[in-house]
Amino acid sequence: MTIVQANGMHCVRRVLAAVMLLCFAGCSTMDTAPRASNISENQPYKLYYLGGQSNMDGFGYNSELPDVYQGELDRVVIYRGQSEPDQSALGGAGHWQVLQPGFGFEFATDGVASSLSNRFGPEVTFGHRIAALNPQSKIAIVKYSRGGTPLYVHGSGYGTWSPEVPGNNQYDFALRALHESTTLSDIDGDGIDDILIPSGIIWMQGEADAFDSVDAAQAYEANLSRMMDLFRAALGVDDLPVVIGQITDSGRADDGKVMDWSDDVRAAQQRYTSNDSCAALVTVTNEFEYPDSDDWHYSSDGYIRLGTAFADAVAALEASCQE
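These figures come from a predicted structure and were not determined experimentally. (Residues numbered from 1 in each chain as written. Predicted model: local features only at pLDDT ≥ 70, side-chain atom pairs only at ≥ 80, totals over all residues. Heavy atoms only, no water.)

A.B. asks: Honestly, the overall build of the protein chain in this entry has me stumped. Any pointers?
C.D. replies: Along the protein chain, the regular secondary structure elements total nine helices and 12 strands. Here the protein chain holds 323 residues, and the buried ones make up 59% of them. Of all intrachain contacts in the protein chain linking residues separated by at least 6 positions in sequence, the fraction that spans at least 24 positions is 75%. A total of about 12400 Å² of accessible surface is found on the protein chain, and carbon and sulfur atoms cover 48% of it. (Helix = DSSP H or I, 4+ residues; strand = E, 2+ residues; numbered from the N terminus. Buried < 20%, exposed > 50% of the residue type's maximum accessible area, 1.4 Å probe, protein only. Contact = heavy atoms within 4.5 Å. Areas by Shrake-Rupley, 256 points an atom, 1.4 Å probe, with all protein chains shown as cover.)

Following this line, the structure appears as C-alpha cells:
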C-alpha cells in the first residue's frame, strides 16, 4: 500500500501522532479483501476517515433505506474498525469490505470476519454521493467511532479520545484502524498494489462533551483542533479537508436541554471551522428529527441526509484547498 499526498498539500511532522501510529506496526493485516470492479484497475483510491461517537456509528435502520442504497456498491470499499471501550485488545481491528448497509450500531468484527448489523450510519450515502462526485475514482472509507466518547481527558465509562490518557483509548483505536487498513498492499483483492490518496476527515462528535461537564464543553474547541491536527498528521497532510457535523439537542428535558452545554459545543464547532480555511461545518443536523423513543440519535432519514451533506462539503473543500 502506498499513501500519497494530494496535489497542493504538504506533509507535516507531528511526533505524537507518528509515534502512536507506529506503535501498531506489529499488528497483523488482513490477507483477504473485497474486489472492486467497473473502473480502471490501476486507479488510485481516494481515502476518507469517518470518526466520532454514536451519530457516526449510525442508528438508521437498513430496512428504511431507499432501494438505491440497498446492496453492495462495488466501487467503494470500507474498513470498519471494531468499536470497543478503552484498553480493549480488539479496538480498531477490522478488514476491508465492499460498502453496503450494516456498518452502523452493533456491527461487529474480530478483524478477520464481520457481522453486519441491521443499522447504518452516514457512511452509506456518503459513499454513494462521493463516488458520484468522483466518477473516475475508486473510494476507500476508514470508519472508527464509538458512542458516548468525549474529547475531554476525563472521559465517560464509554472511553475517551484524549491522547493524554495512558494506555490505549479511542484515539489509539482510530490510529490502529488507519494503520492496519493502509498497510495492506492490495485492499480490493485484484492482485495489484493499491495507492491511497488521503482526501478528507469527517467528524461527528461532541454530544458527550456537551453532556458531561462545563469543563469538557469549555475545552472542546482546543481539543477538537488538536484532534483534527493529529489525524491530519497521521494521514500526512497538514491541510487535509475536515468536515464537522454540528451537534444538536433533542430538547427532551425539563429545562429544554438534554445536554446542558450543547450551545457551548455548537459554538466551539462553529469557531473551529471558521478559523480553519480547510474545514467546514455541516449544519443540516439542525433540521433532523429524533425518533419518539430516542433523545440522542437521528431518524433514518437524518442519516441518509447527513452522509450526502458530508460528501458535498468535503468535495467542496477538496476543490478549494487544492487551488
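So that's the structure; there's more coming.
A.B. asks: What exactly am I supposed to notice about the packing of aromatic side chains here?
C.D. replies: Here a ring pair, both rings aromatic, is described through the centre-centre distance and the interplanar angle of the planes. Counting across every chain of the model gives 16 aromatic pairs. On the basis of an interplanar angle of 40° and a centroid distance of 5.2 Å, the ring pair of Phe-103 and Phe-107 is categorised as tilted. A network of ring pairs unites the aromatic residues Tyr-49, Tyr-144, Trp-161, Tyr-171, Phe-173, Trp-203 and Phe-231 as a single cluster. (Phe/Tyr/Trp six-rings, centres within 6.5 Å; stacked < 30°, edge-to-face > 60°.)

A.B. asks: What is the right way to read the packing of helix H7 (residues 220-235) against helix H8 (residues 262-275) from this model?
C.D. replies: A pair of packed helices is characterised by two quantities: the angle between their axes and the separation of those axes. Orientation of H7 relative to H8, taken along the N-to-C sense of each, is 45°, at an axis distance of 9 Å. By the criterion of interaxial angle, the relationship of H7 to H8 is oblique. Considering the relative orientation of H7 and H8, their crossing is right-handed. Contacts between H7 and H8 involve Tyr-220, Glu-221, Leu-224, Ser-225, Met-228 and Arg-232 on the former and, on the latter, Val-265, Ala-268, Gln-269, Arg-271, Tyr-272 and Asn-275. (Axes fitted to C-alpha atoms, helices over the stretch in contact; angles between N-to-C directions. Parallel < 35°, antiparallel > 145°, perpendicular 65-115°, else oblique. Left-handed = near helix turned anticlockwise from the far one by under 90°.)

A.B. asks: Please explain unusual backbone geometry as it appears in this structure.
C.D. replies: Among all residues save glycine, negative phi is the norm, and among peptide bonds the norm is trans. At Gln-87, a position not held by glycine, the phi torsion is positive, near 75°. Locating Gln-87 in the fold gives a position in the loop between strand S4 (73-80) and strand S5 (96-99). One non-glycine residue, Glu-106, lies in positive phi territory at about 75°. On the secondary structure map, Glu-106 appears in the loop between S5 and strand S6 (108-109).

A.B. asks: Can you help me understand the environment of Arg-232 in this one?
C.D. replies: Following the sequence through the fold, Arg-232 ends up in helix H7. Its relative accessible area of 2% is what places Arg-232 among the buried residues.

A.B. asks: Explanation requested: the environment of Ser-181 in the structure shown.
C.D. replies: One can find Ser-181 in helix H4 (residues 170-182). With 86 residues separating them in the primary sequence, Ser-181 and His-95 have C-alpha atoms 6.9 Å apart.

A.B. asks: How should I be thinking about the pattern of salt bridges in this particular structure?
C.D. replies: Should their charged atoms come close, side chains of opposite charge can pair. This model, assessed by the stated rule, comprises 12 salt bridges. Note that Asp-263 is salt-bridged to Lys-257, the shortest N-O span being 2.7 Å. Taking relative accessible area as the criterion, Asp-263 reaches 43% and is therefore assigned partly exposed. (Salt bridge = Lys/Arg side-chain N within 4 Å of Asp/Glu carboxyl O.)

A.B. asks: I would appreciate a short explanation of the pairing of strand S10 (residues 195-204) in the present structure.
C.D. replies: Two faces, one strand: in a regular strand the side chains alternate between the faces of the sheet. Among the 10 residues in S10, eight count as buried, and that is most of the element. In this sheet, S10 lies alongside strand S2 (residues 45-52) in parallel orientation, the contact comprising eight bridges. Bridged to Gly-51 within S10 is Trp-203. Direction of pairing for S10 relative to strand S11 (residues 242-245): parallel, over a ladder of three bridges. Within the sheet, the bridge partner assigned to Ile-202 lies in S11 and is Val-243. (Pairing = 2+ DSSP bridges.)

A.B. asks: How should H7 be read in this particular structure?
C.D. replies: Helical periodicity: at 3.6 residues per turn, an α-helix aligns residues three or four positions apart in one direction. In a regular helix each residue adds 1.5 Å, so 16 residues correspond to 22 Å; H7 covers 22 Å between its end C-alpha atoms and thus fits that length. Tyr-220, Asn-223, Leu-224, Met-227, Met-228, Leu-230, Phe-231, Arg-232, Ala-233, Ala-234 and Leu-235 are the residues of H7 that are buried. Note on H7: the residue one or two positions beyond its end, Gly-236, has a positive phi of about 80°. (Expected span 1.5 Å × (residues − 1).)

A.B. asks: Just checking my understanding: could you explain the state of the cysteines for this structure?
C.D. replies: Two cysteines, two sulfur atoms, one covalent bond between them: this is a disulfide. Counted by the stated rule, this structure contains one disulfide. The disulfide bridge from Cys-278 ends at Cys-321, spanning 2.2 Å between sulfur atoms. Placement of Cys-278 in the loop between H8 and strand S12 (279-282) and of Cys-321 in helix H9 (residues 300-321) is noted, with a sequence separation of 43 residues between them. The two residues Cys-278 and Cys-321 agree in class, both being buried. (Disulfide = S-S within 2.5 Å.)

A.B. asks: How do you make sense of the confidence of the model for the protein chain when you look at a structure like this?
C.D. replies: Low-pLDDT stretches of the model should not have their predicted coordinates read in fine detail. Of the residues in the protein chain, 87% reach a pLDDT of 70 or more, and the chain-wide mean stands at 88. Low pLDDT (under 50) marks residues 5-33, which in the prediction has 63 contacts with non-local residues, meaning those over four places away or in another chain. (pLDDT = per-residue confidence, 0-100.)

A.B. asks: Would you explain the side chain of Ser-83 in this entry?
C.D. replies: On the secondary structure map, Ser-83 appears in the loop between S4 and S5. A polar side-chain atom of Ser-83 sits 3.2 Å from the main-chain carbonyl oxygen of Ser-145. Polar side-chain contacts of Ser-83 include one of 3.4 Å to the side chain of Arg-146. Ignoring anything within four residues of it in the chain, the contact list for Ser-83 reads Tyr-144, Ser-145 and Arg-146. (Polar contact = N/O pair within 3.5 Å; in protein donor to acceptor, adjacent residues only side chain to side chain.)

A.B. asks: For this particular structure, what's the right way to read the nonpolar core?
C.D. replies: Considering soluble globular proteins, one finds that nonpolar side chains tend to be buried as a cluster. The biggest cluster of nonpolar side chains holds 81 residues, and the ones touching the most others in it are Tyr-49, Phe-126, Trp-161, Trp-203, Met-228, Phe-231 and Phe-310. No other element matches H9, which puts nine residues into this core. With residues near it in sequence (within four places) discarded, Phe-310 still touches Met-56, Pro-122, Phe-126, Ile-202, Met-204, Val-243, Ile-244, Gly-245 and Val-282. (Core = buried A, V, L, I, M, F, W, Y, C linked by side-chain atoms within 4.5 Å.)

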